[in-house]
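# Structural characterization, general
Okay, here's what each chain looks like letter by letter:
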Amino acid sequence: MAKNLVIVESPTKAKTIKKFLGKNFEVIASEGHVRDLPRSSMGIDKENDFEPHYITIRGKGDLVSNLKKAAKKSDFVYLATDPDREGEAISYHLSVALKLDAKTYKRITFNEITKNAVKDSIKNARAIDMDLVDAQQARRVVDRLVGYEISPLLWEKLGKRSLSAGRVQSVALKMISDREKEISDFIPEEFWTIDTYLHVPGQKAAALFSLKKDIKDGKTADALREKLSKADFKVVDIKQTARCKKAPVPFTTSTLQQTAASRINFATSKTMRVAQQLYEGVEIKGQGTVGLITYLRTDSIRVSDEADRSAREYIRKTFGEDYIAEEEQEAKQQTAKKIQDAHEAIRPTDVMRTPASIKPFVSSDQYKLYKLIYERFVASRMKAAVYDIFTVTVEAAGETLKCSESTLNFAGYLNVYSVEEEKTKTANLSGINEGDTLKLDKVESKQHFTEPPAHYTESLLVKTMEDNGIGRPSTYAPTISTLLNRRYITKEQKNLYITELGEAVNGIMETAFPEIVDIDFTANMESLLDSIGDGAIDWKVVVRNFYPDLENEIKDASKNLEKIKIADEATDEVCDECGANMVIKYGAYGKFLACPNFPKCHFTKPYFEKIGVKCPKCGSDIVKRNTKKGRPFYGCIDYPDCDFMSWNKPIAKVCPVCKGLMVVKGKKAVCADAACGYTEKLD
């Protein structure tokens, strides 16, 4: 047996670390937590100063036994769980569950899974930070009190046992509900714009000159349009200025989730899942298992000196000295929240490991996310992009109109990390001189109405939660997943909408537990948890101050709140046994159809989501299904009698060339028969 034992969370992480250490080290995975509060009961002794009762997680008894045996045979144990509060707590519970002697184990942390980082962490091994453990313990106890005290109340008042409340999820739900109310209560206001198109010498297309004026009605707009249509347009001023567009800072957890959603269409949960794979390690030919990015749960933009130097050297060799930023880019951090600066920003572990070099060895999703992280990090060390702004001012009939041309002078970081807005073409005004009189092409008055606030998307919700200090980097994705899984919200075309069930739950929470769903209260709780982690407050003081109000609110709500009946969604499917129209129910594996006459009638059958398209093989309905791994596909409802399936969503339109089935691919409709090859743009 090896003299030293290293315990990590995941087998992948263990495999990656093992190759960095010699034969005197054995690396084993705990597969996450080994001890936790029991699921079947509260697990907190409220009469004994909120003392938590931890048990070995069900199904992990054999694993704990094997870890104990390995620890006894080793001279020394290193607890190498993730470098955050949760990781600190896992290490603490491992030390208790394995009954480790304080003299024979230490805690080690590293921000990236690389040879140097792992070996340096062993040199700097330390004791477990009990302040961080207490901070995690306080969060766990408070969340358990909220969930296990309020959830049964929701079951009673709404008549559904699949409901839950949570300290963070309930605030997020209220935020979505409030936004829906803002949108529904929004009253559009009319306004008008005047678009004036003037001919530019040497250019075929006329340039749009804008009149910045507050125009509230069509009568005023028509009068202005009429006046300008008869006016002379004299150039009174030409200005040329430079505008710098600074490079973005490296990713934090929040900004990675937001950017991955907008640029590569990843849900927050998918972003975190793929980032975890990149962090723990991927098999690269000739290098073995390699951790490709630094730790993925962080709200810091700090970068190590070594990584900064490596990036600048890469930029020097690839683009030249002129592209290196003079100093590290800085960003304004939110002063309202605590920045956990022990971590770095999310970056590649080796800047020389380019996206192209690792592409053959990773999945498509891993490549997309790694490329995004890599390019953002390299760009953060590059100079700003510089634009020349050429602004022409014209006077006509006492009104002032302006048009600007933007020309990229120096690309800077855009050579690595560009977005669509930088690619937008602007007017060419180079043929205009001061004193010129420009010929009118046309004047248009246009009616507009103010728009309501945008619906929350996952990325916008994450940003708003971060801005308000709600939750921490590790909680954003699980919170949204919980709201979706509980069916409190639904997602359509990236937008999040609150459901009838979600409104009912939020209504109870707002009425009975206003403090729990208060943004400021929740943000203050996060601040208190950080203070516990800093050793400034005892964790039980926070719980003692929190629970009495919750207890009183539970008693009042149980007594005073009325029950709410939420009807199940009816369908056209008929019960085979009693003939009633079946309703949609939700179970552990998703939707199913059930007879509404339960318990008199127990008939159920699977629920299939019909897409309104007939099977090209047998004429039955095509339905949406999922593989065992959760990947969606489309197949015939009569499977296995009919084996039609498609990974792409079929549409009702028939191919005009071969009269075959058409499916959706990206923003196009294409013939399912590759030999036909017909494609067209989707509306």
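Here the residue numbering is sequential within each chain, running from 1 through the sequence in written order. Only residues with pLDDT of at least 70 are given local features in this predicted model, and only at 80 or more are side-chain atom pairs given and counted; all residues enter the totals for whole chains, interfaces and linings. The basis for the side-chain values is all heavy atoms of the structure; hydrogens and waters are excluded.

### Regarding a negative patch on the surface
Here is the rule: Residues enter patches when they are more than 30% accessible in relative terms and free of salt bridges; like-charged ones are connected within 9 Å and nonpolar ones (Val, Leu, Ile, Met, Phe, Trp, Tyr) within 5 Å. Surface exposure here means Shrake-Rupley accessible area, sampled with a 1.4 Å probe, where a residue is shielded only by the protein chains that are shown. A carboxyl oxygen of Asp or Glu within 4 Å of a side-chain nitrogen of Lys or Arg is what we treat as a salt bridge. Neither His nor the chain ends contribute to the count of charged residues, in which Lys and Arg are positive and Asp and Glu negative. A single reference atom marks each charge: NZ on Lys, CZ on Arg, CG on Asp, CD on Glu. Counting from the N terminus, the helices are DSSP H or I runs at least four residues long and the strands are E runs at least two residues long. For every residue, the accessible area obtained with a 1.4 Å probe (protein chains only) is divided by the maximum for its type, and the residue is called buried under 20%, exposed over 50%, and partly exposed between those limits.
Judged by side-chain charge, Glu515, Asp518, Asp520 and Asp549 come together as a negatively charged surface patch. Along the chain, Asp549 turns up in helix H17 (residues 539–560). The exposure class of Asp549 is partly exposed, given its relative accessible area of 39%.

### Section: the confidence of the model for the protein chain
Close inspection of predicted coordinates is inappropriate for parts of the model with low pLDDT. Worth spelling out the cut-off: The quantity known as pLDDT measures the predictor's confidence residue by residue, on a range of 0 to 100. Whether two residues are in contact is decided by their heavy atoms, any of which lying within 4.5 Å being enough.
Averaged over all residues, the pLDDT of the protein chain is 90; the fraction at 70 or higher stands at 95%. In the predicted structure, residues 329–341 sits below a pLDDT of 50 and forms 29 contacts with residues beyond four places in sequence or in another chain.

### Notes on the sheet that holds strand E31 (residues 679–681)
As a reminder of what qualifies: DSSP-based pairing: two strands are paired if at least 2 bridges between them are found. Between N-to-C directions, angles span 0 to 180 degrees; the directions come from axes that are lines fitted to C-alpha atoms, helices contributing only their stretch in contact.
Taken together, the four strands give an open sheet; going across it, the order is E28-E29-E30-E31, and neighbouring strands pair in antiparallel fashion. For this open sheet the edge positions go to strand E28 (650–654) and E31, each flanked by a neighbour on one side alone. Direction aside, the axes of adjacent strands within the sheet are offset by 35° on average. The pairing of strand E30 (residues 668–671) with E31 spans three bridges and is classified as antiparallel.

### Focus on the pairing of E28
As judged from the three bridges shared by E28 and strand E29 (residues 661–665), these two strands associate in the antiparallel manner. In the sheet register, Pro650 faces E29, and the bridge partner there is Val663. Counted along the chain from E28 to the antiparallel partner E29, the turn is six residues long, and its residue Lys659 has a positive phi close to 65°.

### Focus: the environment of His53
Summarising the element assignment, His53 is placed in the loop between strand E5 (51–52) and strand E6 (55–56). Classification of His53 as partly exposed rests on a relative accessible area of 48%. Expressed as a C-alpha distance, the spacing of His53 and Ala512, which sit 459 residues apart in the sequence, is 28 Å. Residue contacts for His53: discarding those within four places in its chain leaves Asp36, Leu37, Pro38 and Gly43.

### Some points on unusual backbone geometry
Following Phe598, the chain continues to Pro599 via a peptide bond in cis, the omega torsion being 15°. Structurally, Pro599 can be placed in the loop between strand E22 (590–594) and strand E23 (604–606). With omega at 10°, the peptide bond leading from Tyr639 into Pro640 counts as cis. Note on placement: Pro640 falls in the loop between strand E26 (632–636) and strand E27 (645–646).

### Focus on the nonpolar core
Inclusion rule: Note on terminology: a nonpolar core comprises buried Ala, Val, Leu, Ile, Met, Phe, Trp, Tyr and Cys residues joined through side-chain atoms within 4.5 Å.
Among the nonpolar cores identified, the biggest contains 66 residues, and Phe110, Leu292, Ile293 and Leu369 are the most heavily contacted of them. Tallying contributions element by element places helix H12 (residues 364–380) first for this core, with nine residues. Once residues within four sequence positions are removed from consideration, Leu292 is found in contact with Leu278, Val282, Arg347, Pro348, Thr349, Arg353, Ile358, Val362 and Tyr370. Among the nonpolar cores identified, the runner-up in size contains 59 residues, and Ile176, Val462, Met465 and Tyr476 belong to it.

### So, the side chain of Thr268
Turning to its location among the elements, Thr268 is positioned in helix H9 (residues 268–280). Judged by relative accessible area, Thr268 falls into the buried class, the value being 1%. Apart from residues lying up to four places away in sequence, Thr268 is in contact with Gln257, Glu458, Val462, Ala477 and Ile480.

### Things to note about the packing of helix H13 (residues 458–467) against helix H14 (residues 476–485)
Rules: The labels follow the angle: roughly parallel below 35 degrees, roughly antiparallel above 145, roughly perpendicular from 65 to 115, and oblique for the rest. For a crossing to be left-handed, the near helix must be turned anticlockwise from the far one by less than a right angle; the clockwise case is right-handed. Each residue is assigned to one of three groups, with Ala, Val, Leu, Ile, Met, Phe, Trp, Tyr, Cys and Pro labelled nonpolar, Asp, Glu, Lys and Arg labelled charged, and all others, Gly among them, labelled polar.
Packing of H13 against H14 leaves a shortest axis separation of 10 Å and a crossing angle of 125°. The orientation of H13 with respect to H14, classified from their angle, is oblique. For H13 against H14, the interelement crossing comes out right-handed. Side by side, H13 and H14 meet where Glu458, Leu461, Val462, Met465 and Glu466 of the first sit next to Tyr476, Thr479, Ile480 and Leu484 of the second. Residue composition of the contact of H13 with H14, by class: six nonpolar, one polar and two charged.

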